[in-house]
Amino acid sequence: MEFGHRWKTWVKECVSTVTMSVLVNGLPFKPFEMERGLRQGDLLSPFLFVLMVDILHRMLGEAVRKGRITPLLVGGDRIELSHLQFANDTILFYPLETETIVNYKRLLRCFELISGLSINFDKSNLIPMNCEQEWVDHVCSLLGCNQADLPVRYLGVPLGANVHLVKTWKPIIDKAPKKVGGLGVGDAVLRNTALLFKCKSNSTGKRRALKRHLQLNVKEQRVKAKMISGLTMEIGNERRTLFWKDNWVQGGPLKASFPRLSSISNQQGSVIRDCGFWDGLDWIWNFQWRRELFQCELELVHHLHERLRPVKLSTGREDNVV
């Protein structure tokens, strides 16, 4: 592949100087050197592996060009298809020709000798399509692999299943948010919907219109509930943000943090501007209650004021969804 001498020296150093230690009764034993390879989980390992399987790709292509392997011809354009690769997964395609299968096995053996990698045929499967069972048994014996039937899963995607059925794709859809969340991205469906409605809110300037649009256009209740509860307001002139219901203060909506005070408030549907007034340059909170407060509720009001103390209000700009 024409890598420079220095680069190859670096890689050889990483591979040839690896040491490992075995835990004995919970304590690491004396380290020992490995004959070759990297330790499991080494960040360099997948990059080196991709370089090696690229050699397999070139070997397969050369075998097709020289007529040693007969590929499948796919579609009206008769596209040649001999193999597909993804990381350490490889699919080999071949017609009902024993000679091609034998050459595949010879080529894979050569790849093992060149690369030092070992192909696990016990974990490999032959997936026949419209083949006689006698021929399938013969090929499985020849390759030393097992038979599998469609539909099967490849890289988590169903192959050979009815793509028009919802049940075919439901396991993938259910796993997608969790997989993406594991990468630190969060729920992809919710993130995407949130970005769309944030843009709509900033363009229309009306939060209630945003909620109505959300109710009309988002059918999945889980997404709808999280979207409405998860919208965050950046406070400006206090004209658009609901004091109790909106997420505008650290810790989430005040209705969730102080449900008892919210239930006895006369300002449940009021915006922030209606819950106080400006005294010169100072903002004074002015809450209105349906009845006299009990002692425990007075303590809750004190905690509410403490929650609101860090908030800095402004009159120079409008409230926005963030």
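Keep in mind the model is a prediction, meaning the values are calculated, not measured. (Residues numbered from 1 in each chain as written. Predicted model: local features only at pLDDT ≥ 70, side-chain atom pairs only at ≥ 80, totals over all residues. Heavy atoms only, no water.)

Once that is clear, we can look at the overall build of the protein. Check the secondary structure of the protein and you find eleven helices and 16 strands. Long-range pairs, those at least 24 residues apart, make up 50% of the contacts in the protein between residues at least 6 apart in sequence. (Helix = DSSP H or I, 4+ residues; strand = E, 2+ residues; numbered from the N terminus. Contact = heavy atoms within 4.5 Å.)

Each aromatic ring pair is described using two quantities: the centre-to-centre distance and the angle formed by the ring planes. Under the definition given, this model contains eight aromatic pairs. Arranged with centres 5.4 Å apart and planes meeting at 50 degrees, the rings of Phe-243 and Phe-287 form a pair that is tilted. Taken as a pair, Phe-243 in the loop between strand S13 (233-234) and helix H9 (254-257) and Phe-287 in the loop between strand S15 (282-285) and helix H11 (295-308) lie far apart in primary sequence, 44 residues in all. Relative to Phe-287, the ring of Trp-285 has its centre 5.9 Å away and its plane inclined at 10 degrees; by these criteria the two rings are stacked. What makes Phe-287 buried here is its relative accessible area of 13%. Among the aromatic residues, those joined into a ring-pair cluster are Phe-243, Trp-244, Trp-278, Trp-283, Trp-285, Phe-287 and Trp-289. (Phe/Tyr/Trp six-rings, centres within 6.5 Å; stacked < 30°, edge-to-face > 60°. Buried < 20%, exposed > 50% of the residue type's maximum accessible area, 1.4 Å probe, protein only.)

As paired elements, strand S14 (residues 276-279) and S15 share four bridges and run antiparallel to each other. Bridge pairing links Asp-279 to Asp-282 in S15. Hairpin connection from S14 to S15: two residues lie between these consecutive antiparallel strands, with Gly-280 at a positive phi of about 70 degrees. (Pairing = 2+ DSSP bridges.)

A few words on helix H3 (residues 98-115). Relative to the 26 Å expected for 18 residues at 1.5 Å per residue, H3 spans 26 Å between its end C-alpha atoms, a close match to the ideal helical length. For H3, the complete set of buried residues consists of Thr-100, Ile-101, Asn-103, Tyr-104, Leu-107, Leu-108, Phe-111, Glu-112 and Ser-115. Contacts from the buried residues of H3 go to helix H2 (45-65), strand S8 (89-92) and helix H4 (133-143). Following H3 by one or two positions, Gly-116 has its phi on the positive side, about 85 degrees. (Expected span 1.5 Å × (residues − 1).)

Next up on the list: the confidence of the model for the protein. Per-residue pLDDT for the protein has a mean of 77; in total, 75% of the residues score no lower than 70. The weakest mean pLDDT in the protein belongs to helix H7 (residues 207-217) at 47; the strongest belongs to helix H10 (residues 259-263) at 91. Of the regions scoring below 50 in pLDDT, residues 209-219 engages in 18 contacts with residues more than four places distant in sequence or in other chains. (pLDDT = per-residue confidence, 0-100.)

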